[in-house]
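Listed below are the residues making up each chain.
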Amino acid sequence: MGIEARRKRVKELRRQTILKAARKLFFEKGFKNVTVESVAKKADISKGAVYLHFASKEEIYTQILLNDTDKHQKQITEIIRKGDQSVKERLLLLAQSYVDFFLSDRELFRILMNYMLHTDHMNLPEELDKQIVKGVNRNMDVIADALQQGIDAGEFPSSLNLFHHRNAIWGLLNGVISLHLFTGPEARRESRIRTTIQEGLETYLDGLRKAKRAEKAGNNH
């Protein structure tokens, strides 16, 4: 490994160390109570070293969200692209993937929900805020793409409002996870989340299929 390659590797390792330390602090203390100085202390580096990699606490926060939402977006896109299953089955697999993702990283879910629920209080620079919104929307658009596939395949009604139903499914996933992830007996949290999402989404998608059958029957008269 050459000198330049080694430097880049060391720089990236330091950057990831900072992000890991910051993630812990944001989860434990909340965005407002975390400072660049506290991140530096948690990462066991100097405050100046943090600024070599990130311009502000806001940039660190944004990068955590962007990295993880982009990673998951790739995973769920692959699920939806599978052509050997019904769209309903693929959406159920997407939901399982979403639950797996946040059960394995509860800190990230809390950070994401904190942003979604308290955007106005974050005081993020406009450009950083736009980046987060864009990243989240890419994940939500995977659901919209699946719904469009359902329309094209004759599985869901042609009158389906993609925007509304995309948001409804996204809300179902996050709402159920939020309800059970941090409350109730620890041993039962995961099963409650999985069962509630599975049954709720199945009912929702079966309703869309029923609406398609009604639409088809109406067109035949």
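Refer to the structure presented above.
Residues numbered from 1 in each chain as written. Predicted model: local features only at pLDDT ≥ 70, side-chain atom pairs only at ≥ 80, totals over all residues. Heavy atoms only, no water.

Visitor: Sorry, what's going on with the packing of helix H8 (residues 126-152) against helix H9 (residues 162-180) here?
Guide: In helix packing, the relevant descriptors are the interaxial angle and the interaxial distance, both defined with respect to the helix axes. Direction vectors running N to C along H8 and H9 enclose 120 degrees, while the axes themselves pass 9 Å from each other. Taken as axis vectors, H8 and H9 run oblique relative to one another. Crossing hand, H8 versus H9: right-handed. Touching Val136, Asn137, Asn139, Met140, Asp141, Ile143, Ala144, Leu147, Gln148 and Ile151 of H8 are Leu162, His165, Arg166, Asn167, Ile169 and Trp170, all from H9. The residue inventory of the contact of H8 with H9, partitioned by class, reads 9 nonpolar, 5 polar and 2 charged. (Axes fitted to C-alpha atoms, helices over the stretch in contact; angles between N-to-C directions. Helix = DSSP H or I, 4+ residues; strand = E, 2+ residues; numbered from the N terminus. Parallel < 35°, antiparallel > 145°, perpendicular 65-115°, else oblique. Left-handed = near helix turned anticlockwise from the far one by under 90°. Contact = heavy atoms within 4.5 Å. Nonpolar A, V, L, I, M, F, W, Y, C, P; charged D, E, K, R; others polar.)

Visitor: Looking at this structure, how should I read the packing of helix H1 (residues 3-29) against helix H6 (residues 106-117)?
Guide: Where H1 meets H6, the closest approach of the two axes is 9 Å, and the angle between their N-to-C directions is 65 degrees. At the point where H1 passes H6, the crossing takes the left-handed sense. Within the contact between the two elements, H1 uses Arg23, Lys24, Phe26 and Phe27 and H6 uses Arg106, Glu107, Leu108, Arg110 and Ile111.

Visitor: Would you explain the nonpolar core in this entry?
Guide: Across soluble globular proteins, nonpolar side chains show a tendency to be buried alongside one another. In terms of nonpolar packing, the biggest core is built from 60 residues, with Phe26, Ile60, Leu91 and Phe156 touching the most fellow members. The element contributing the most residues to this core is helix H5 (residues 87-103), with 10 residues. Apart from the residues lying within four places of it in its own chain, the contact partners of Leu91 are Ile80, Ile143, Ala146, Leu147, Phe156, Leu201 and Leu205. (Core = buried A, V, L, I, M, F, W, Y, C linked by side-chain atoms within 4.5 Å. Buried < 20%, exposed > 50% of the residue type's maximum accessible area, 1.4 Å probe, protein only.)

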